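Now for the letters of each chain:
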Amino acid sequence: MLGSSIRGLDTLQRRNAYQACVLSVLTYGLPLWYAPDGKGVSRHTRLIAKVHSYATRWITGAFCTTPNGAKEMIAGLPPIITILNQRLHGYRARIVTLPPSHILVATMNNKWTNPAYSHVSPKTRPSHLPSDDPFKRLRTHLVRKQFEFSADVQQPGRRCVDLFPERVVINTSSPKKASKSFKAWVENLKTETQSLHRSQDLVVYTDGAYHHNDNRASYTVCTTWHSTWNDFTDWCPAASSFDSEVWAMEKAIEIITSSGARCAHLFCDNKAAANAVFNFEVKSSQMSIIRINHLLNDWLTTNGDNELHIHFAPGHSGIEGNKRADALTKTGLKECPTQPPMILRSHFVNSYKREQSDIWTRLFKDRTYRGSQWLPVRRKKKIFKPSGAKAARDFFHNMAHGDPSRLSRISYVMTNHAPMGEYRLQFFPDQPAHCPHCGEETLLSRRHILCECPWYVNKFPSLTDWGSQRHNDKSLSGFLDKNPTAFSFGKLPRDVH
Ligand SMILES: [Zn+2]
């Protein structure tokens, strides 16, 4: 299927193909047949677990006797129950954050959406406090995650950029930060902003920040007009720094359109946010963008001379207004309450993702999950633990450079389930288990290959010594590089093939 261990898809492509083509079919209609943590539906989940196990074997090239946990960790795929829980949660979050007028919300009455929380007893919480059930909170608090597809301002021909192409100028291009011309460009921008400050135009700088750990977000708009500075800082609900930047833009446009200025220059330090202002695709903070366009349309229609220029001004490059906005946003972030009153869908999904990722990390401690022979390999000097983070999920793929045969060798060495002595003694006792280079008396074990056999180079003094090396992932990778025959089928006695 789609390539053998020699040619065809690389290992990451295999994982992506499985997630996109197989998992989405397996989880089709999930809310109809699945219950949180797979309780009471093990008949279905057992079937899916078989496919999952097969897929991890296909990705890693490990044996069917290799523990499922080890295969999942190497492939970077969470346990199947975690995946199913996450997908179920995604459905829920999406439906409860739809606008109240949406047909799905009206039909479902949202009752079916919270069985996962049915075990939470409301009596344990004092009645004067708001509910700690996130779904209830979503219903009682204003949710900004709404999408609009048919607003006037987003119809082709009615957008600001279509109606007033000469009066709305977006200039967000810049040379690359590492390039030589970047410095000169920034200097040029500095002088340009200085002369703008002295002119009759209104100059506006925006900045937004988001603190992922405790959901704090703040934004700042700094304006200068006739050489007088005017600052505005506030905190806002945001699920990413993009959201808070868009909030800042919204406030900036509000200030511009009510200021009475004829020509305004808006400097934003986030290119994505600056470009998003006239892009109506369904995305985070789309409602803010529609509001921005409403305000701008009015402003540009009322006075035929009004003009808006949107620029990109890179952060931390010494532009006065930017520095000011940046400092104020940081102070605002400190003053922001730890729990903004509104919850966005991304808050919701992300906190659940972290929770599930922690469960996976805890599972790692279970020897039956990872297998008793798992090697204590390190990632960035710390013992590798699986987690939902991309860097951890891609760890073994990067170590194998995407090469399937190399990943299978890594899975042999990591789990000690390899076509070698100890493994054969256990599963195929009638087949030879000795080292082909050292004679019949020497058992071909993982320790023998990594530390003892004279046939191999770049060996380790001992497995304990290797375990305590701070960069033992690199040395293991180096060993596999230098000894292409180690842990591969190539140097096995002929009768194994
Ligand atoms: Zn040997």
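Residues numbered from 1 in each chain as written. Predicted model: local features only at pLDDT ≥ 70, side-chain atom pairs only at ≥ 80, totals over all residues. Heavy atoms only, no water.

Draft legend 1. Just the sheet that holds strand β5 (residues 263-268), in detail. Strand order in this open sheet of 6 strands is β1-β6-β5-β2-β3-β4, and the pairing throughout is mixed. The open sheet has two edge strands, β1 (168-171) and β4 (228-235), and neither has a second partner. For this sheet the average axis-to-axis angle between neighbouring strands, irrespective of direction, equals 15°. Across 5 bridges, the pairing between strand β2 (residues 202-211) and β5 is parallel. Within β5, the position partnered with V204 by the bridge is L266. Contacts between helix α10 (residues 241-259) and the sheet are confined to β2, β3 (216-225), β4, β5 and β6 (307-312), with β2 contributing the most and set at about 155° to the helix. Contacting β2, β3 and β4, helix α13 (residues 320-335) runs over the sheet at an angle of about 145° to β3. (Pairing = 2+ DSSP bridges. Helix = DSSP H or I, 4+ residues; strand = E, 2+ residues; numbered from the N terminus. Axes fitted to C-alpha atoms, helices over the stretch in contact; angles between N-to-C directions. Contact = heavy atoms within 4.5 Å.)

Draft legend 2. Just the coordination of the zinc ion, in detail. Bound to the zinc ion on the protein side are C435 (SG), C438 (SG), H448 (NE2) and C453 (SG), at distances that span 2.1 to 2.3 Å. Each of the 4 donor atoms bound to the zinc ion contributes to angles spanning 105 to 116°, and the resulting shape is tetrahedral. Between consecutive donor residues of the zinc ion, the sequence gaps follow C-x2-C-x9-H-x4-C. Taking relative accessible area as the criterion, H448 reaches 4% and is therefore assigned buried. (Donors = N, O, S within 2.8 Å, 3.2 Å for Na, K, Ca; no water. Tetrahedral: all angles 85-135°; square planar, octahedral: opposite > 155°, others 65-115°. Buried < 20%, exposed > 50% of the residue type's maximum accessible area, 1.4 Å probe, protein only.)

Draft legend 3. The arrangement of the packing of aromatic side chains in detail. On inspection of all chains with the given rule, the structure shows 15 aromatic pairs. Within the aromatic cluster, the residues linked to one another by ring pairs are W374, F384, F395 and F396. Sitting over the ring of F232, K251 keeps its end group 4.3 Å from the ring centre. A cation sits over an aromatic face here: K271 above F312, 5.0 Å from the ring centre. (Phe/Tyr/Trp six-rings, centres within 6.5 Å; stacked < 30°, edge-to-face > 60°. Lys NZ or Arg CZ within 6 Å of the ring centre and 35° of its normal.)

Draft legend 4. Up close: the pairing of β6. The element β6 is largely enclosed, with a buried count of 5 among its 6 residues. Here β1 pairs with β6 via 4 bridges, running parallel. Looking at β6, one finds that V168 is bridged to L308. In terms of strand pairing, β5 meets β6 through 6 bridges, oriented parallel.

Draft legend 5. Focus on the side chain of S218. With respect to the element layout, S218 can be found in strand β3. Take S218: its relative accessible area is 0%, and that puts it in the buried class. Polar side-chain contacts of S218 include one of 2.8 Å to the backbone oxygen of T329. Here L333 takes part through its backbone nitrogen, which lies 3.3 Å from a polar atom of the side chain of S218. With near-sequence residues (within four places) excluded, S218 lies in contact with D207, G208, A209, D234, W235, C236, S244, T329, G332 and L333. (Polar contact = N/O pair within 3.5 Å; in protein donor to acceptor, adjacent residues only side chain to side chain.)

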